[in-house]
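# Structural overview for review
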Amino acid sequence: MTTLENREALRSIRSSFEARLRDSKKKLISLCAGSGCGAYGTAKVYDTLMEQLAEHNLENEVEVKLSGCHGFCEKGPIMVIHPEGIFYPQLKEKHIPDIVENTIKNGDLVKKLIFKDPATKKKITYEKDVPFYKLQQRVIFGNNGIIDPTRIEDYFSVGGYAALEKALFDMSPKEIIDEVKKSGLRGRGGGGFPAGRKWETCAKHHGDRYVICNADEGDPGAYMDRSLLEGNPHSVLEGMIVGAIAVGSNEGYVYVRHEYPLAVTNFSQALESARKYGLLGKNILGTGFDFDIHISRGGGAFVCGESTALMASLEGKPGRPRAKYIHTVEKGFRNNPSMLNNVETWANVPVIINKGSEWYASIGTEGSKGTKIFSLVGKVMNTGLVEVPMGTTLRTIIFDIGGGILKKKKFKAVQTGGPSGGCIPEEFLDLGVDFDELTKVGSMMGSGGMIVMDQDTCMVDVARYFIEFLQDESCGQCNPCREGLKQMLDVLTRICHGHGREGDLELLEELSDMVANASLCGLGTSAPNPVMSNIRYFREEYETHIRDKKCPAGVCKPLFFYEIDQELCTGCTLCAKRCPEEIISGEQKAPHQLEQDKCIKCGICYEACMFDAVVVK
Amino acid sequence: MENTVEIDWQKMDEIIDKYQSNREALLMIMQDISDIYNYVPPEVIPVLIQKLNVPESLIYGVATFYKTISLEPRGKYIVSVCTGTACHVRGADKIMDALEERLAIKEGQTTDDLLFTLEGVRCIGCCASGPVLNVNQETHGGLDRTSAVKTVDSYS
Ligand SMILES: Cc1cc2nc3c(=O)[nH]c(=O)nc-3n(C[C@H](O)[C@H](O)[C@H](O)COP(=O)(O)O)c2cc1C
Ligand code: FES
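## A closer look at the domain arrangement of chain B
The assigned domain composition of chain B is domain 1 (9–65) and domain 2 (77–153). Domain 1 of chain B and domain 2 of chain B are separated by 28 Å when their C-alpha centres are compared.

In structure tokens, the structure reads:
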């Protein structure tokens, strides 16, 4: 690795790696080593693969790449064999010998490992035909599957650092800002604030300007930032360098969650190799421009995702937010102008610079441009990361890409926007998802979490869950948030325990109003959203809890019981075998009985029954 | 609980030097210490005060504000059950129940033999594989009650 001293040196190294990728005759096995696949055991699969290749003397004929997250995490560990694009999901070590013997050596498919689409039951051989991928437009996330995130050379091979080159040599800082403004890029971290406008204001203020990347990803259920940092760290890094050129900054910070050790490792390595090539540090590419980035690790506090709290945390203090009479673009980190953007926002920047604002703005809706990565999780068949143009409908995302609801159950709601968002009911499934449309229906974009809920999800419990989360995470500085959320939690908990009273809903509405209007920071002002949107769309379910003391979804334990439907029960004995309390009895092939007074409502029988004979009452 | 850790002072110096005694790195220094002992032993606090030139109140302020720092000894294996939204709707509380029963401790507690600490964590970013749990830094996904108990058992 040698320092690239000028534009030509960068160009030549990039084109040589681009050519190497283009002209490679070798088979390429890309094995996903993202966190999702990792949790299902990529490491073991990789070891076996390397052993098997060695055994067949194929190490030099095949290239194996541990790539970042491919997005289809539900089906991990995932392998894709290029150039054909053969897709093998859910691999175990025992499958590897077959793959090496048949596919790698002889070019045949291993039939039993071919992906079967759970929705249509059709067998699908190639990655490009998998419905989960087919309807996506992977502008930001697309390279994750083909590059090894620990090799900067891989990033060069997909045109990496071309945007940096353009920004440094062909554009003035003002032109960069104008381009970002024209692209219509809005912040992906939650608020959707126009990035170009933020940059422009920051550039106007004097002082040591800082460029900061928010990788705190506090929204539970969203993990696109993690996957980008782990899978394509250089794209985020390149975005940040371009941002630094635009506003004239010499120092940047990335604030990463403590829970993301692999992201820290991969990003640190990206910094290291960028420094070695001279893309970070002093006199970048001989232009006299200096810029470097440090990593700071958070401490598991949700509120530290908020801009002023994040900057306090960067300074080594407890992460308590402050009132924003003066914005952080004027006085933020170390009391200097600070430009904070989310991971995904930064990853959009190189694309805008490379392809131009016009191209970028042609994707998406009137008010929200480009694509958005959603984390499609919960009770949906195909969970994973989904990148689609802004404006794609919820129905397309959940049913066409996501394959619909697990176990053929009924869709009930989708939660977007995390703890600051809300639950959207079925009637809005045809809503085109963008910043403004989500806000209109009482939710928000947030960071792109999309948690699908089915008939077995209790909406009161969901509201209670979020308020419990938020009151736990409240920093406790301001009264409305600290005490108000506590009161809301008390009310919601008593409703879930069967002690709800007439007037509780009105009380919740009143408290919500107070917390939303009187809190100090965004945590408090948005905290009532999950409750308000829920009461708005699912009022009846609240009333059933309060008046009839019933939880129709079978979640709030004191408010339901399980019963075995004597007509539907086939006497298969499965529930009796699984019951941990051994309180289900009956003859084979005859309807079973459950002893109500001993039931702990663990739900194992309900999950196990294949005939819907265990019912919630 | 009797505190019996032997502090490796040379290692402490290395950690503090790695961050050039920068007071802004206080949280990360404490996290690095926790990575070794699973908590921040009280003996190191006077050293931090002196080397980083920070008031004691700031150390306690930071240590009590951030969840990743504990001033009490924790188990050799920290079992963090994800209670994030995606795992919640897929039954994370059932996993927690099962492990509380198995380890005979409540969320937030440590077993008497200092082997396991059971904690809830709000999302570890493997939401598609939920419910998930971490044992120290190893992630296990796609769990139910039985496999969760089996997973934790495999560490003892
Ligand atoms: C309570 C709270 C938590 C937040 N958490 C995050 C987070 O985890 N990640 C993030 O990027 N933005 C988060 N934000 C939004 C940030 O304050 C800020 O608006 C954002 O990082 C700016 O970047 P963007 O314009 O690129 O979105 C949070 C805001 C609030 C009020
Ligand atoms: S919600 Fe459990 S890992 Fe994200």
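## Description of the pattern of salt bridges
Residues and elements named next belong to chain A. Tallying each qualifying case throughout the model produces 51 salt bridges over all chains. Salt-bridge contacts for E502 lead to R547; the nearest nitrogen and oxygen are separated by 2.9 Å. Pair noted here: E502 is in the loop between helix 19 (479–496) and helix 20 (504–518) and R547 is in helix 22 (residues 529–548), with a separation of 45 residues, a long-range link. Since its relative accessible area comes to 57%, E502 is described here as exposed.

## Examining the site of ligand 1
All names here are of chain A. Around ligand 1 there are 19 residues in total, and G189, G218, N341, N342 and T345 lie nearest to it. In this structure, R188 approaches ligand 1 through a main-chain N or O atom, which is 3.4 Å from an oxygen atom. Interatomic distance of 2.9 Å between a side-chain N/O atom of N214 and an oxygen atom of ligand 1. The fraction of the free accessible surface of ligand 1 (610 Å²) that becomes covered by protein chains is 87%. Where the shell around ligand 1 is concerned, the elements lending two or more residues are strand 10 (338–342) and helix 21 (522–526). Counting residues per element, the shell around ligand 1 draws most heavily on strand 10, at three residues.

## Looking at the sheet that holds strand 2 (residues 116–121) of chain B
All names here are of chain B. With respect to topology, four strands assemble into an open sheet ordered 2-1-3-4, the strand pairing being mixed. The outermost strands of the open sheet, each flanked by one partner alone, are strand 2 and strand 4 (138–140). Between one strand axis and the next, the sheet turns through 20° on average, direction left out of account. Pairing of strand 3 (residues 133–135) with strand 4, which is carried by three bridges, proceeds in the antiparallel orientation. Residue L133 lies in a different strand from strand 4, and its bridge partner there is H140. Most of the contacts of helix 7 (residues 145–153) go to strand 3, to which it runs at about 10°, and overall it touches strand 1 (77–82), strand 2, strand 3 and strand 4.

## Observations regarding the sheet that holds strand 14 (residues 422–425) of chain A
Residues and elements named next belong to chain A. Here five strands make up an open sheet; going across it, the order is 12-11-15-13-14 and the pairing mixed. For this open sheet the edge positions go to strand 12 (384–389) and strand 14, each flanked by a neighbour on one side alone. Strand-to-strand, the axes of this sheet are offset by a mean angle of 30°, without reference to chain direction. In this sheet, strand 12 lies alongside strand 11 (residues 371–378) in antiparallel orientation, the contact comprising six bridges. Residue pairing for strand 12: T371 is matched across the bridge by P389. Packing of helix 10 (residues 224–231) onto the sheet brings it into contact with strand 11, strand 12 and strand 15 (449–454), and relative to strand 11 it is tilted by some 115°. Where helix 22 meets the sheet, it contacts strand 13 (411–416) and strand 14, and its direction lies at approximately 35° from that of strand 14.

## Regarding the side chain of A:N144
Residues and elements named next belong to chain A. With respect to the helices and strands, the residue N144 is situated in the loop between helix 5 (131–134) and helix 6 (152–157). By relative accessible area, which is 0% here, N144 ends up buried. Discounting chain neighbours no more than four positions away, the residues touching N144 are S67, G68, C69, S227, L228, G231 and N232.

## Structural notes on the packing of helix 19 of chain A against helix 22 of chain A
Packed helix pairs are specified by the crossing angle of their axes together with the interaxial distance, meaning the distance between the axes. Residues and elements named next belong to chain A. Following both chains from N to C, one finds helix 19 and helix 22 inclined at 40°, their axes separated by 11 Å at the closest point. Comparing the axis directions of helix 19 and helix 22 gives the class oblique. Contacts between helix 19 and helix 22 involve M488, L492 and I495 from the first element and V531, Y542, H545 and I546 from the second. In terms of residue class, the contact of helix 19 with helix 22 is made up of six nonpolar, one polar and no charged.

## As for the interface of chain B and chain A
Counting residues at the interface gives 39 residues for chain B and 60 residues for chain A. For the pairing of chain B and chain A, the buried interface totals around 3700 Å² over both sides, and the portion due to carbon and sulfur atoms is 54%. Looking only at chain B, the three residues that lose the most surface to chain A are B:E24, B:F65 and B:R122, adding up to 19% of its buried area. Among the ionic pairs, B:D97 bridges to A:K557, the shortest N-O distance being 4.0 Å. In this structure, the connection of chain B to chain A is made through 22 residue pairs in polar contact (both at pLDDT 80 or more). Elements represented by at least two residues in the side of chain B that touches chain A include exactly helix 2 (26–37), helix 4 (56–65), helix 5 (85–89), helix 6 (92–103) and strand 4 of chain B. The residue makeup of the side of chain B that touches chain A, split by class, is 16 nonpolar, 14 polar and nine charged.

## Structural notes on the nonpolar core
By size, the foremost hydrophobic cluster in this structure holds 122 residues, and its most contacted members are A:F156, A:Y161, A:W199, A:L237, A:L279 and A:I398. Per-element accounting of this core gives the leading share, nine residues, to helix 11 (residues 233–247) of chain A. Sequence-distant contacts of A:Y161, defined by excluding residues within four places in its chain, comprise A:L10, A:R14, A:I152, A:Y155, A:F156, A:H234, A:L237, A:E238, A:I241, A:A274 and A:L279. Counting 71 residues, the second-largest nonpolar core is a separate cluster that includes A:V303, A:L310, B:Y39 and B:I69.

Parameters at a glance
Residues numbered from 1 in each chain as written. Chains lettered and ligands numbered in written order. Predicted model: local features only at pLDDT ≥ 70, side-chain atom pairs only at ≥ 80, totals over all residues. Heavy atoms only, no water. Domains from an automatic or database assignment. Salt bridge = Lys/Arg side-chain N within 4 Å of Asp/Glu carboxyl O. Helix = DSSP H or I, 4+ residues; strand = E, 2+ residues; numbered from the N terminus. Buried < 20%, exposed > 50% of the residue type's maximum accessible area, 1.4 Å probe, protein only. Near = heavy atom within 4 Å. Polar contact = N/O pair within 3.5 Å; in protein donor to acceptor, adjacent residues only side chain to side chain. Areas by Shrake-Rupley, 256 points an atom, 1.4 Å probe, with all protein chains shown as cover. Pairing = 2+ DSSP bridges. Axes fitted to C-alpha atoms, helices over the stretch in contact; angles between N-to-C directions. Contact = heavy atoms within 4.5 Å. Parallel < 35°, antiparallel > 145°, perpendicular 65-115°, else oblique. Nonpolar A, V, L, I, M, F, W, Y, C, P; charged D, E, K, R; others polar. Buried area = accessible area lost by both parts, 1.4 Å probe. Core = buried A, V, L, I, M, F, W, Y, C linked by side-chain atoms within 4.5 Å.

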